[in-house]
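Chain and residue survey
Below are the chains, spelled out letter by letter.
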Amino acid sequence: MKTFLNCHSYHSLRYGTIPLNELVDLAASRGVTTLGLTDINTVTGIYDFVRMCNDRKIKPIVGIEFRKGDEKLYTGIAKNTKGIGELCKFLTDHNLGNRELPTIAPKFKNAFIVYPISNTPVSLEKNEYLGVNGHETTQLIKPIYQKLLKKTIAFQSVTIRNEDEYELHKALRCIDHNILLSQLPKDSHCDSSEIMDTTISLEQQFSRYSGIIRNVDKLAAQCSFDFDFTVPRNKKLYTGSKSGDMLLLGQLAKDGILRRYGAKNKEAKIRMEKELKVIGQLNFTGYFLITWDIVRYSQSRGFMHVGRGSGANSIVSYALGITDICPLELDLYFERFLNENRKSPPDFDIDWSWQERDEILDYIFKRFSPGHVAFCGTIVEFKHRSIMRELGKVYGLQKAELDALSKNGLQSSGNDSVIDLVAKLGAMLVGFPNQRSMHACGVIISEEPITNFSALEIKPKGFPIVQFDMHIAEDIGFEKFDILSQRGLGTISSTVELVKRNRGISVDISKIDNFKRDPQCNANLQIGNTLGCFYIESPAMRGLLRRLKCNDYQTLVAASSIIRPGVAKSGMMKEYIYRHNNPNSFEYFHEVFEEFLGDTYGIMVYQEDVIKIALHYGGLEPTYGDILRRAISGKSRSRKEIESLKYKFFESCKQLGHNEQLSLEVFRQIESFAGYSFCKAHSASYAVESYQSLYLKTYYGIEFMVCAINNGGGFYRAEIYIHETKRSGGTVHVPCVNNSDVETVLKGTDIYLGFNLIKSMDEKLSTLLVEERIANGDYISLEDFLSRTSIGGETLQTLIFIGAFRFTGKPKSDLIIIAKLLESREVSKSPTLLIQEPLQEYQFPVMVRNIVEDAFDEIEILGFSVSLSPFDLLKTKYRGDIMNVQLLDNYKKIVRMLAYLVSTKQVPTINGNMYFGTWIDNNGDYFDTAHFASTLKKYPFKGGGCYLLLGRVEVDFHFPTVVVSKMEKMPFVPDPRYETGTDRDYKIHDRLKEDRSTTNRAPYPQEHEIGLPRYKMK
């Protein structure tokens, strides 16, 4: 047999075991001429499948195998592209309506239906067939099948390749059903014969009914899935006609240029006209107008947004208000944004506050035609931990056995045990799709109904999603609209509102130029006083800002890009820092670098720089610029596109007479950018938002930090932002039933922490407590509080111990006793009583309680102390030999410091994982440390808390780091709430945490391995 129409790839989730490319390779190796992909209830793989088959000279046929649970109903085979649309629409109607598929298929105009023997209908329509596997031919002798022989086809299923995959298949079915292998019903998995058998053995099974093999070939001959991958699929027109779109876009652009630049800026008008011409030629007017429409709605609602991506290089997008990046100010490279060779529209990544994004999405899905809007899908793969967990359940392994297996990294022990089988199957399962999910931000707006290309599914958020990911979407002509959310914008907009409410000052957050020129903002930027500010608060970024002495917008734009992995990995980040600090101590690699990259010291920093060098140094034709753009912006799924340029690049460099060694170095740098770089406009957009945050932090620090806490912070935990609030002059109070809300509130300079910081407290209950207080006034006593609320004993105890009733003036111990007495009296909870029985005054023995006990209560309930600093809880009075402010004066000296741990970051090196730490000293200032792998073996991190550090001070371009040789966690005083000598008097210390982060990448090469030239090569 040379025709297999019923093949399952691993996109038949938790069923198929063959990766798509390996399925096609298998068919090619066995001489198969026609191959059909009919994954179960999905079309995820069909477009990749078609391309792979065409590359291997195999005729591709696509369809869907429809199943209801384990029951195979029928298989739809598309005659053509219209046929797959009919099948997708049918599946979509049932997915979105949450209805079971019918046992009998409806009539399709452009698709065949193949029924299995297990669901044979009484009669078959013209486009319907009965499909049999080889092992099922013995059943054809029955009269019910004899009368259907003319409509019967050889429909051999392909699900597995060998016995090992059969075992994996059964394990996947158990995972899907959440059962043990011994509990797996026979009808829940495939037959062991469902392999691609092209030997005589399969034909022998069909030999008695040779006509059914001819029938399958006849059916296949009627199918042809000729999909055009070059046609753009996005919604093309906004007004209904191209001329109408051009007229509207032109008028909007002219109005915007007048608003942004005034009437006399000829350069802006010339650039606008040039852009409009190319936008029209490339048919991107609809894309621009749809984006403008979404932004216009956002502005009408008073929402802040940030427009990013390559589209931010455009003066038209600046005029339309999509972005706030002036391309003239930054000399943004027009050809990175648009060129005549570009087939897809520029990217617009648009951010909204995390609180407002859902309303924007709701608008988009209602504004554009139903069935023409959907989220991109994404494929969630089996990861190491999920593999262990899932397979362990299938084979009934105990936790200890799974832990050992996980530790050994799926390695077999060689004992031929169940554990070895799990290790073997687990290794096969790595990278397999586990489930389909929703892309975080990508929305498709289609010209045709989306069901022409994919079935739609509904995921928990309620939006329809396509069954393929963003890469396939781009391959078949869809450019997604990235509708993103971030907490930084939420912090900015909330701060503006809070400053107005708290101080009566209206801050115009759009005055970006004023912020860029503000001397105090730039002074804070230069010293890395940016904690809480969007994109520039991480330890690595603050260190970079200090190394650069960054005190202006242009340098910040560059910093936003050079910290990206591509620039850092290649060594260009270090070289940029050197050249920025020593502008007269280097030579440009080549004259082209001086001409085109003069503003970045001859270093490729942005995506535009890479394209400029490829075109002007490498001599590549402009058509290659668009290929390179895709590769370095992460559009390509591999490095194949850059590899395809390699030969052409070196041939061209040779013809131009360039130094061979330099050309090798230049291409090494180009390669490092693949998928890890920003275009300049993208970096500039980040820098604008960073300045907005920085301005608010500089002049309205208390309000800004309160809003950072309420918007979920950023890089750090709430404790660190609370510390920053104190440094800004705020007085922080623990939650209070009369002053706190669900979120943290600010009254003057007094900050009352929100109930949401109490991890054990239910949000609904917090809301009810606040609503009752607003409706009927402050609580006057614990008794009054209990009479007006319904609160459980544990939550009440938590509120008492956190100090939420301190307004009563009574000790916590007294309040606990009163609560118990009131509980025994069953005090009425009715808030409607006008007259209450006078409350009896209780006299209790005096119990001395100190502030240290309060601090430990706070650590237990909040995870950190408010009443005291961590240093106040140490057994020792020693605070270190020096503080952060003295580090620069101790360059190359060995110092001892005592500090509180803020965060750690693990970074892979060729010698093992090293760590970078961020700390707070006793003065409240931050400093950074480095810990090499060899040192960490003897002196590891032991969780949150205070440490005594010993190390050498190193200074890298104005930025000091302590390279730690020894460290030890310092003990706190025993918890006075418990009897000394018990385990509990030290257990609470474990509640202190640090912020942890890791970098999942290969180790960067050492400096001597890079060999980045600083001077011209002779």
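This text follows the structure it describes.
Throughout what follows, the structure given in this document is the object of discussion.

About the criteria used
- Residues numbered from 1 in each chain as written.
- Predicted model: local features only at pLDDT ≥ 70, side-chain atom pairs only at ≥ 80, totals over all residues.
- Heavy atoms only, no water.
- 1 Å grid on protein atoms, 1.4 Å probe; cavity = no way out; pocket = protein on both sides within 12 Å on 5 of 7 lines; lining within 4 Å.
- Points joined across faces, edges and corners; volume = space filled by probe spheres on them.
- Helix = DSSP H or I, 4+ residues; strand = E, 2+ residues; numbered from the N terminus.
- Nonpolar A, V, L, I, M, F, W, Y, C, P; charged D, E, K, R; others polar.
- Pairing = 2+ DSSP bridges.
- Contact = heavy atoms within 4.5 Å.
- Axes fitted to C-alpha atoms, helices over the stretch in contact; angles between N-to-C directions.
- Salt bridge = Lys/Arg side-chain N within 4 Å of Asp/Glu carboxyl O.
- Buried < 20%, exposed > 50% of the residue type's maximum accessible area, 1.4 Å probe, protein only.
- Phe/Tyr/Trp six-rings, centres within 6.5 Å; stacked < 30°, edge-to-face > 60°.
- Lys NZ or Arg CZ within 6 Å of the ring centre and 35° of its normal.
- Parallel < 35°, antiparallel > 145°, perpendicular 65-115°, else oblique.
- Left-handed = near helix turned anticlockwise from the far one by under 90°.
- Core = buried A, V, L, I, M, F, W, Y, C linked by side-chain atoms within 4.5 Å.
- Expected span 1.5 Å × (residues − 1).
- Polar contact = N/O pair within 3.5 Å; in protein donor to acceptor, adjacent residues only side chain to side chain.
- Disulfide = S-S within 2.5 Å.
- Patch = residues over 30% accessible without salt bridge, like charges linked within 9 Å, V, L, I, M, F, W, Y side chains within 5 Å.
- Areas by Shrake-Rupley, 256 points an atom, 1.4 Å probe, with all protein chains shown as cover.
- Lys, Arg positive; Asp, Glu negative; His and termini not counted.
- Charge placed at Lys NZ, Arg CZ, Asp CG, Glu CD.

On to empty space enclosed by the protein, then. A full pass over the atoms with the stated rule returns one cavity of 30 Å³ or more. Looking at the largest cavity, its volume works out to about 30 Å³. For the largest cavity, the full set of lining residues is Ala 614, Leu 620, Leu 628, Leu 645, Phe 649, Phe 667 and Ile 670. Secondary structure elements with two or more residues in the lining of the largest cavity: α28 (640-655) and α29 (660-672). In terms of residue class, the lining of the largest cavity is made up of seven nonpolar, no polar and no charged.

Quick look at the sheet that holds strand β8 (residues 157-158) now. As a general point, the strands of a sheet are linked pairwise by backbone hydrogen bonds and lie either parallel or antiparallel. Taken in spatial order, the eight strands make up an open sheet running β7-β6-β5-β4-β3-β2-β1-β8, and their pairing is mixed. The sheet is open, and its two edges are formed by β7 (152-154) and β8, each paired on a single side. Here strand β5 (residues 111-116) runs beside strand β6 (residues 128-132); their pairing, made up of four bridges, is parallel. In the strand pairing of β6, Tyr 115 is matched with Leu 130. Relative to strand β3 (residues 59-68), helix α2 (residues 46-55) is tilted by about 150°, and along the sheet it contacts β2 (34-37) and β3.

What follows is about the pattern of salt bridges. Scanning the entire structure with this criterion turns up 50 salt bridges. Of the charged contacts, one joins Glu 65 and Lys 72 as a salt bridge, the two residues approaching to 3.5 Å between their closest N and O atoms. On the accessibility criterion, Lys 72 (16% relative accessible area) is buried. The partner of Asp 599 in a salt bridge is Lys 680, with the nearest N and O atoms 3.3 Å apart. One end of the pair, Asp 599, is in the loop between α25 (591-596) and α26 (607-616); the other, Lys 680, is in helix α30 (residues 680-699), with 81 residues separating them in the sequence. Residue Asp 599 is classed as exposed on the basis of its relative accessible area of 51%.

What the rule picks out here adds up to 50 aromatic pairs. Judged by centre distance (5.4 Å) and plane angle (50°), the ring pair of Phe 650 and Phe 667 falls under tilted. With Phe 650 in helix α28 and Phe 667 in helix α29, this residue pair connects regions lying 17 residues apart in the sequence. On the basis of relative accessible area, Phe 667 is assigned to the buried category, the value being 3%. A network of ring pairs unites the aromatic residues Tyr 47, Phe 225, Phe 227, Phe 229, Phe 453, Phe 468 and Phe 478 as a single cluster. Lying over the aromatic face of Tyr 926, Arg 542 brings its terminal NZ or CZ to 5.5 Å of the ring centre.

Okay, the packing of α28 against α29 next. Across the interface, α28 lies against α29 with an axial gap of 11 Å and an inter-helix angle of 155°. With respect to α29, the element α28 is oriented roughly antiparallel. Seen along the crossing, α28 lies across α29 with a hand that is right-handed. Judged by residue contacts, Ile 642, Glu 643, Lys 646, Phe 649, Phe 650 and Cys 653 of α28 engage Ser 663, Leu 664, Val 666, Phe 667, Ile 670 and Glu 671 from α29. Residue classes in the contact of α28 with α29 are distributed as eight nonpolar, one polar and three charged.

A word on the side chain of Thr 698. Along the chain, the position of Thr 698 falls in helix α30. Beyond its immediate sequence surroundings of up to four residues, Thr 698 is in contact with Gln 520, Cys 521 and Asn 524.

Looking at the secondary structure, you find Ile 509 in the loop between α18 (487-503) and α19 (512-517). With 110 residues separating them in the primary sequence, Ile 509 and Gly 619 have C-alpha atoms 44 Å apart. Not counting residues up to four positions away in its chain, the partners in contact with Ile 509 are Met 304, Ile 492, Val 496, Phe 515, Gln 692 and Leu 696.

Formed by 140 residues in total, the largest nonpolar core has its most connected members in Phe 785, Leu 799 and Phe 805. Considering each element in turn, this core owes the most residues, eight residues, to α30. In this structure Phe 785 touches Val 737, Leu 769, Tyr 779, Ile 791, Leu 796, Leu 799 and Phe 805, once residues within four positions along its chain are discounted. Core analysis: the next-biggest nonpolar cluster, separate from the first, contains 79 residues, Tyr 145, Val 216, Phe 227 and Phe 478 among them.

Let's shift gears to the pairing of β6. Taken residue by residue, a regular strand's side chains alternate between the two faces of the sheet. The buried fraction of β6 amounts to five of the five residues, a majority that puts the element mostly inside the structure. Neither face of β6 is left uncovered, since the one carrying Glu 128, Leu 130 and Val 132 and the one carrying Tyr 129 and Gly 131 both have all their residues buried. Where β6 meets β7, three bridges bridge the pair, whose relative direction is parallel. Looking across to β7, one finds that Leu 130 is bridged to Thr 152.

So, about α29. Here α29 is 13 residues long and its end C-alpha atoms lie 19 Å apart, about the 18 Å a rise of 1.5 Å per residue gives. The complete set of buried residues in α29 reads Leu 662, Ser 663, Glu 665, Val 666, Phe 667, Gln 669, Ile 670 and Ser 672. The N-cap of α29, judged by a side-chain oxygen 2.8 Å from the amide nitrogen of Gln 661 a few residues on, is Asn 659.

This part is about the state of the cysteines. Applying the stated criterion to the full structure yields zero disulfides. Left without a disulfide partner, Cys 53 is nearest to the cysteine sulfur of Cys 7, which lies 9.0 Å away. Residue class for Cys 53 comes out buried when judged on its relative accessible area of 0%. Distance from the sulfur of Cys 326, which forms no disulfide, to the nearest cysteine sulfur (Cys 679) is 15 Å. Judged by its relative accessible area of 11%, Cys 326 is buried.

Another aspect to go through is the environment of Lys 810. Among the structural elements, Lys 810 can be located in the loop between α35 (793-802) and α36 (812-825). Sequence-wise, Lys 810 and Ser 781 are 29 residues apart; in three dimensions their C-alpha atoms are separated by 9.9 Å. Those residues in contact with Lys 810 that sit more than four places away from it in its chain are Glu 783, Leu 815 and Ile 818.

It is worth spelling out a positive patch on the surface at this point. Among the surface-exposed residues, Lys 759, Lys 987, Arg 991 and Lys 993 lie close enough to one another that they form a single positively charged patch. Inspection of the secondary structure puts Lys 987 in helix α39 (residues 984-987).

Moving on: the sheet that holds strand β18 (residues 750-752). Pairing is mixed across the open sheet formed by three strands, whose spatial order is β16-β18-β17. A single partner strand is all that each edge strand has here, and the edge strands are β16 (731-733) and β17 (745-747). Strand-to-strand twist in this sheet, taken as the mean axis angle between neighbours without regard to direction, amounts to 25°. In this sheet, β18 lies alongside β16 in parallel orientation, the contact comprising three bridges.

A few words now on the packing of helix α5 (residues 163-177) against helix α16 (residues 418-429). Relative placement of two packed helices is described by the angle separating their axes and the distance separating the axes. Viewed as axis vectors pointing N to C, α5 and α16 meet at an angle of 85°, and their least axial separation amounts to 10 Å. The angle between the axes of α5 and α16 places the two elements in the roughly perpendicular class. Of the residues in α16, those in contact with Asp 164, Glu 165, Glu 167, Leu 168, Ala 171 and Leu 172 of α5 are Leu 421, Lys 424, Leu 425, Met 428 and Leu 429. Class assignment for the residues of the contact of α5 with α16 results in seven nonpolar, no polar and four charged.

A few words now on the pairing of β2. Burial along β2 is two-sided: the face carrying Thr 34 and Gly 36 and the face carrying Leu 35 and Leu 37 are both buried. Sheet analysis places strand β1 (residues 3-7) next to β2, joined by three bridges and oriented parallel. In the strand pairing of β2, Phe 4 is matched with Leu 35. Bridge count for β2 against β3 is four bridges, and the pairing is parallel. Residue pairing in the sheet places Gly 36 in a bridge with Ile 61 of β3.

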